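One-letter residues, chain by chain:
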Amino acid sequence: MYGFEAMTFNIHGGYLEAIVRGHRAGLLTAADYNNLCQCETLDDIKMHLSATEYGPYLQNEPSPLHTTTIVEKCTLKLVDEYKHMLCQATEPLSTFLEYITYGHMIDNVVLIVTGTLHERDVQELLEKCHPLGMFDSIATLAVAQNMRELYRLVLVDTPLAPYFSECITSEDLDDMNIEIMRNTLYKAYLEDFYKFCQKLGGATAEIMSDLLAFEADRRAVNITINSIGTELTRDDRRKLYSNFGLLYPYGHEELAVCEDIDQVRAAMEKYPPYQSIFSRLSYGESQMLDKAFYEEEVKRLCLAFEQQFHYGVFFAYMRLREQEIRNLMWISECVAQNQKSRVHDSVVFIF
Amino acid sequence: MERIEKLIDNLPPMDLMRSEKMTLVQLIIPVESAHRAISYLGELGLLQFRDLNSERSPFQRTFVNQVKRCGEMSRKLRFFKDQISKAGLLSSVHPVVEPDLELEELEIQLAEHEHELIEMNSNSEKLRVTYNELLEFKLVLQKACGFLLPSSNHAVAEERELTENIYSNDDYVETASLLEQETRPADQSGLRFISGIICKSKALRFERMLFRATRGNMLFNQAPAGEEIMDPLSAEMVEKTVFVVHFSGEQARTKILKICEAFGANCYPVPDDISKQRQITREVSSHLSELETTLDAGIRHRNKALTSIGYHLTQWTSMVRREKAVYDTLNMLNFDVTKKCLVGEGWCPIFAKAQIQEALQRATFDSSSQVGIIFHVMDAVESPPTYFRTNHFTNAYQEIVDAYGVARYQEANPAVYTVVTFPFLFAVMFGDWGHGICLLLGALKLGSFMEMLFGGRYVLLLMSLFSIYCGLIYNEFFSVPFHIFGGSAYKCRDVTCSDAKSAGLIKFRDPYPFGVDPSWRGSRSELPFLNSLKMKMSILLGVAQMNLGIILSYFNARFFRSSLDIRYQFVPQMIFLNSLFGYLSLLIIIKWCTGSQADLYHVMIYMFLSPTDDLGENELFWGQRPLQIVLLLLALVAVPWMLFPKPFILKKLHSERFQGRTYGLLGSSEFDLDVEPDSARDHHEEFNFSEVFVHQMIHSIEFVLGAVSNTASYLRLWALSLAHSELSTVFYEKVLLLAWGYDNIVIRLIGLAVFAFATAFILLMMETLSAFLHALRLHWVEFQNKFYHGDGYKFKPFSFALITDDDD
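Given the structure is predicted, the values throughout are model-derived calculations rather than measurements. Residues take numbers from 1 onward in each chain, read along the sequence in its written order. To read the labels, note that chains go from A and ligands from 1, taken in the order they are written. Restriction of local features to residues with pLDDT of at least 70 applies here, the model being predicted, together with a cutoff of 80 or more for giving and counting side-chain atom pairs; totals for whole chains, interfaces and linings are based on all residues. As a convention, hydrogens and water are excluded, and side-chain values are obtained from all of the structure's heavy atoms.

(A) Spatial organisation of the overall build of chain B. Regarding its fold elements, chain B presents 24 helices and eleven strands. Accessible area is worked out with a 1.4 Å probe on protein chains only. A residue is then buried under 20% of its type maximum, exposed over 50%, and partly exposed in between. For chain B, buried positions account for 43% of its 808 residues. Summed over its atoms, the accessible surface of chain B is roughly 43200 Å², and 60% of this surface lies on carbon and sulfur atoms. Secondary structure counts use DSSP, requiring at least four H or I residues in a row for a helix and at least two E residues in a row for a strand, with both numbered from the N terminus. Here the open area of atoms and residues is found with the Shrake-Rupley method and a 1.4 Å probe, where only the protein chains shown may cover a residue.

(B) Broad picture of the sheet that holds strand β3 (residues 192-199) of chain B. Residues and elements named next belong to chain B. Pairing between strands requires that DSSP locate at least two bridges from one strand to the other. Strand order in the open sheet made by the four strands is β4-β5-β3-β6, with antiparallel pairing throughout. Of all strands in the sheet, those with a lone pairing partner are β4 (218-230) and β6 (266-267), marking the two edges. For β3 and β6, the ladder comprises two bridges, and the chain directions are antiparallel. Each bridged residue has a counterpart across the sheet, and for Gly196 the counterpart in β6 is Cys267. Any two residues having at least one pair of non-hydrogen atoms within 4.5 Å are treated as being in contact. All axes are obtained by fitting lines to C-alpha atoms, using only the stretch in contact for helices, and the reported angles, taken between N-to-C directions, cover 0 to 180 degrees. Along the sheet face, helix α7 (residues 250-263) touches β3, β5 (237-247) and β6 and points at about 10° away from the line of β3.

(C) Main features of the nonpolar core. Residue types Ala, Val, Leu, Ile, Met, Phe, Trp, Tyr and Cys, when buried and joined through side-chain atoms within 4.5 Å, form a set referred to as a nonpolar core. Phe96, Phe193 and Phe314 of chain A are the most contacted members of the largest nonpolar core, which totals 171 residues. Those residues in contact with Phe193 of chain A, other than ones at most four positions away along the chain, are Phe96, Tyr99, Ile100, Met208, Leu212 and Phe315 of chain A. Listed in part, the 73 residues of the second largest apolar core include Tyr397, Phe422, Phe466 and Ala557 of chain B.

(D) Representation of the UniProt feature "transmembrane region" (unreviewed entry) in chain B within the structure. All names here are of chain B. The UniProt entry lists residues 422-444, 456-474, 537-555, 575-592, 627-644 and 745-766 under the feature "transmembrane region" (unreviewed entry), expressed in the numbering used here. Each end of residues 456-474 is marked by a C-alpha atom, and these two atoms are 26 Å apart; helix forms 95% of the span and strand 0%. Regarding residues 627-644, the helix share stands at 94% and the strand share at 0%, and the terminal C-alpha atoms are separated by 26 Å. UniProt positions are given in the numbering used here, feature names are shortened, and annotations may be inferred rather than shown by experiment.

(E) Region of interest: the confidence of the model for chain B. Residues and elements named next belong to chain B. When pLDDT is averaged across chain B, the result is 82; 87% of the residues are at 70 or more. With pLDDT under 50 throughout, residues 151-188 is counted as low confidence; its partners more than four residues away or in other chains account for 26 contacts. Model confidence for the complex: the whole-complex pTM is 0.74, and ipTM, which rates the interface, is 0.75. Predictor confidence is given residue by residue as pLDDT, running from a minimum of 0 to a maximum of 100.

(F) Region of the structure containing the interface of chain B and chain A. At the junction of the two partners, chain B supplies 22 residues and chain A supplies 26 residues. Around 2100 Å² of area is buried between chain B and chain A when both sides are counted, 55% of it from carbon and sulfur atoms. Any Lys or Arg side-chain nitrogen located within 4 Å of an Asp or Glu carboxyl oxygen qualifies as a salt bridge. Taken together, chain B and chain A are joined by one salt bridge. For Asp44 of chain A, the salt bridge is made with Lys68 of chain B, and the minimal N-O distance between the two is 2.8 Å. Mapped onto the side of chain B that touches chain A, the elements with two or more residues apiece are α3 (64-86), α6 (200-213) and α7 of chain B. Among the elements that take part in the side of chain B that touches chain A, α3 of chain B stands out by supplying six residues, more than any other. Ten residues, namely Ala, Val, Leu, Ile, Met, Phe, Trp, Tyr, Cys and Pro, are considered nonpolar, four, namely Asp, Glu, Lys and Arg, are considered charged, and the remaining ones, Gly among them, are considered polar. When the residues that make up the side of chain B that touches chain A are grouped by side-chain class, the tally is nine nonpolar, two polar and eleven charged. Joining two parts hides part of their accessible area as seen by a 1.4 Å probe, and the buried area is that hidden amount summed over both.

(G) Broad picture of the environment of Gly706 of chain B. Residue and element names in this part refer to chain B. Relative to the assigned elements, Gly706 resides in helix α22 (residues 689-713). For Gly706 and Leu577, which are 129 residues apart along the polypeptide, the C-alpha to C-alpha distance reads 9.7 Å. Once residues within four sequence positions are removed from consideration, Gly706 is found in contact with Ile701 and Thr711.

(H) Spotlight on a nonpolar patch on the surface. All names here are of chain B. Together, Trp740, Ile745, Val746, Leu749, Ile750, Leu752 and Val754 give the surface a local cluster of nonpolar side chains, amounting to about 680 Å² of exposed area. Residue contributions to the nonpolar patch peak at six residues, all from helix α24 (residues 745-783). With respect to the helices and strands, the residue Val746 is situated in helix α24. Any residue with relative accessible area above 30% and no salt bridge may belong to a patch, with like charges joined within 9 Å and the nonpolar Val, Leu, Ile, Met, Phe, Trp and Tyr side chains within 5 Å.

(I) Here's a closer look at a negative patch on the surface. The grouping of Glu72, Asp121, Glu124 and Glu127 of chain A together with Glu261 of chain B at the surface amounts to a negative patch. Structurally, Glu261 of chain B is set in helix α7. Residue Glu261 of chain B is classed as partly exposed on the basis of its relative accessible area, which comes to 45%. The convention is simple: Lys and Arg are positive, Asp and Glu are negative, and His and the chain ends are not counted. Charge coordinates come from a single atom per side chain, which is NZ of Lys, CZ of Arg, CG of Asp or CD of Glu.

(J) Just unusual backbone geometry, in detail. Here the residue pair Glu91 of chain A and Pro92 of chain A is connected by a cis peptide bond, since its omega of -5° sits within 30 degrees of zero. Mapped onto the fold, Pro92 of chain A is located in the loop between α6 (67-88) and α7 (93-117). Here the residue pair Tyr248 of chain A and Pro249 of chain A is connected by a cis peptide bond, since its omega of -5° sits within 30 degrees of zero. Here Pro249 of chain A is to be found in the loop between α12 (234-240) and α13 (250-256). For Phe478 of chain B, which is not glycine, the phi dihedral falls at a positive 50°. With relative accessibility at 18%, the residue Phe478 of chain B sits in the buried group. Of note, Ser479 of chain B is a non-glycine position whose phi angle comes to about 75°, a positive value.

(K) Layout of the environment of Leu650 of chain B. All names here are of chain B. Examined against the element boundaries, Leu650 turns out to sit in helix α18 (residues 645-657). Accessibility expressed as a relative area gives 17% for Leu650, which makes it buried. Between the alpha carbons of Leu650 and Phe687 there is a distance of 9.0 Å; along the sequence they are 37 residues apart.

(L) Main features of the packing of helix α15 (residues 563-594) of chain B against α22 of chain B. Residues and elements named next belong to chain B. At a closest axis distance of 11 Å, the pairing of α15 and α22 adopts a crossing angle of 25°. Classified by the interaxial angle, the pair formed by α15 and α22 is roughly parallel. Considering the relative orientation of α15 and α22, their crossing is right-handed. On the side of α15, the interface is formed by Gln569, Gln573, Phe576, Leu577 and Phe581, while α22 contributes Gln696, Phe703, Val704, Ala707, Val708 and Thr711. In terms of residue class, the contact of α15 with α22 is made up of seven nonpolar, four polar and no charged. When an angle is under 35 degrees it counts as roughly parallel; over 145 it counts as roughly antiparallel; between 65 and 115 it counts as roughly perpendicular; any other value is oblique. Crossing chirality is assigned from the near helix's rotation relative to the far helix, an anticlockwise turn below a right angle marking it left-handed and a clockwise turn marking it right-handed.

(M) How the structure looks around the packing of helix α10 (residues 392-404) of chain B against helix α13 (residues 457-474) of chain B. Residue and element names in this part refer to chain B. Here α10 crosses α13 at 90°, and the two axes come no closer than 7 Å. As summarised for this structure, α10 and α13 are arranged roughly perpendicular, according to the angle between their axes. For the pair α10 and α13, contact is made by His392, Phe393, Ala396, Tyr397 and Ile400 and by Arg457, Tyr458, Val459 and Leu462, respectively. When the residues that make up the contact of α10 with α13 are grouped by side-chain class, the tally is seven nonpolar, one polar and one charged.

Right, here's the structure in full:
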């Protein structure tokens, strides 16, 4: 029913769209970031944040603050908002909202599995997990020895189960395997999410396909850059790219054979949307690439709010809040470690 | 004319009519007495400070550390409050009033208390954990024995039949460990078990996970623990389940233990030997009772500490809140380092100057400062805030007006009239003295059951009183007419009264003395009569209220000395409205007085269509035709009158002022008159004639069209009153009387209940709401748009009394 969302969208989605747009209005602005960057201590940051929507979450924290506390409380706010929206949501929005968290779930699985591999304490690992990606039996992941067990014991109950079909092997887990597993899972997840959004149709499909394509392309570039110089074969690398997005399929062919960053650059500059990102980087540089991608992503996410009657706003809001929390973490770290000159290195202004 | 002006000048001043005269003041406070001065001003609550540091972010201000400390202290206080409510203690009803503490002392005290509390909490938490462990152990012992006893008996009985490798038939072969386990005497079969306790909510998933991990080679027994165990983290009682897992093999053991850990299940060893079990149970029980007494003692101690904190909590909280407010205010002042003093600016009402000065002197004296506080009046560029001194009664009405917009500084305040007109217009729509009495009872009982409406209790009171009055005029008591003021003026034509509905009644004596004659009820001409009455009444009320609005605009213009507005706005507006609708009102009154049969629609319509035609039978008085022509011409003249002169005169004045001839005009009255005091300085820069003209055009068109549409809008008084009376008639006749017609108590009761519900919810609640909203609209739109700008801002003094809970 493309073009006719306005007729029926508000029956189920109107309230939540209003809520999410209200939440979006609470995002920190450039003025807030400027003030935050001038802070001398973490207490100053707390004081400034107490005037924003984070206020109630930070007000009961005793005074010697730590960066982790700030990040934890800010994440808690996001999680509370998410849970509230999920409670209110009806199908298919609730499924859509659940899809948003699968990425965190994959990260958490990988975190726990890697952690147990390196003999870390499970409780300690659990504290590091993103609360949005928690599921019931996540602690049991530590029991598994190989992927088959991982799947059979724990993940079969989670929504991630279907994504595992491609990477079930009896091999013992090691760092490389886990990394490949993460990317395979992510690929399957993105493709599934993409398909789901296409099924929803209308403006949601249009906007989400754009956002997810960007995400897939970014992952493809990152996989390429990170796998340069490792023993990952070209075919294996090719298999990790998601089968949609702007780069699919010809860009993937080119990325698969790249041997250094400049080749990646040459491959990417053929695509106008990415040309601008790469043109800002000097040759041979890849550190600033993350930030450039984040900035582009934020720009696209903000654009999602320009249109009404679609679910993309929920995805965009969650992503923007996560970016904001990343910003806060960076600013707090810089303030805490007296590195204020580097404060602007990684902060992505949202408005 | 002069006489009238003199009369107006001599009118006694009304408090509520104009907002208080305000003045901008500057305070220069020496640092040593600053804190005290600000807190005295906070107690006085009559000075609104301006933020002189608005360009600085909160943590760059001077007193940021003190604000932070206050924030920290209020956090501690919240912690205490939280602890007290968690412990189930009520914070004391009679707080101990202590002599004021210094902030530093309080800070130290609070820190001590917090430290003490946290220590006690951690101690009792440790104890609680041990206690929980023991309790769980005890439960496991009790319940697990239930599983183990029969099974072990069973095992003993069948032991001889068991071959050693009976389990080797299974696909899960662990021969080596099986053999190893045989060294343990207790489980010759290689069957081992782990017992423990787990949250009930997790038990099912736990079992499933165990099943998967061991590929089904396990036996899971569970039993509810029976007792609830307190979760030390959230302090909630949790239901738990005791479980015993039988399994075989070392690898399975590690797996199961890991799963137990992952699920937060606590495992406790249960000895197989029954006598040993009993012994351990005894030991655990005795430990438990010891711990219980220690725990109780700890809790008692903690509660005592909390109660003693509770005595002071209210005082401390308000003190910290005040301190924070004082420092927040101090942060608004400019800090002059060289002169060692703080400079503040603020608004205060002129009447409060003496009080403020007195408070400042007191502050200087009390802080034994060498230098006094300098307090002087400054010239203001921006418009002062609006401050009305209200009391409990007028406050609600002022709120009704402020909800539309806060009055511009010193402009006429519609709240004065709203006090009476609002409830009255409400009552015109809600006229029924039965419902009015219900409303009155509600208003009198209000404080007890509806907190939210409490602020508007006087509005409700007047609304109900006026409803009773209007109800008496309409003669409706739950839609039933009563003969309160004597008998009806009408009687039947004959004794049988058979043709009362068709031929009607005859009048045999003087009219019914007050309100509507009860005989109209149920007659054929009831509706035409009441409609005509209410419609005309609505128009009269509307025209009167709109005239009042325009007259108020005259008072405003006089007050701000703008003769331009009087001549080119007030006068033509008055003429326009009254030549059309004032004339209509006159006709209505004449018709009522003379009992004429003239058709007023016809008169009004043909006044426009063919003013020169003869009125014929519709003539109400001599000379009506020429009067109509004159009025029509006046109305036609009034339109360009209010449209054109004002912008052109403004333009002329402006060009004169800025062509070097200003001093020639200084003395003339015109120059000062059009200048509004507040916006004077902003107007200097530009004068955009087209903008002013368009603005005037909009105003004029709005007024001319508004005169018609607003008058029509007042007909809502009639419409709502009709709806109300018809609705209550329906409920009375079609529900109550219908049910009463049956000779059955059940039906009667049901009818009564339905009637009561309909009256309470539809007539008393929804109709009240709708009449309220319509009265609100008539005031906001039809009345206030004639004169009210409503673009001021409220006076918000720095006052301790106004600091509320949600402030921090």
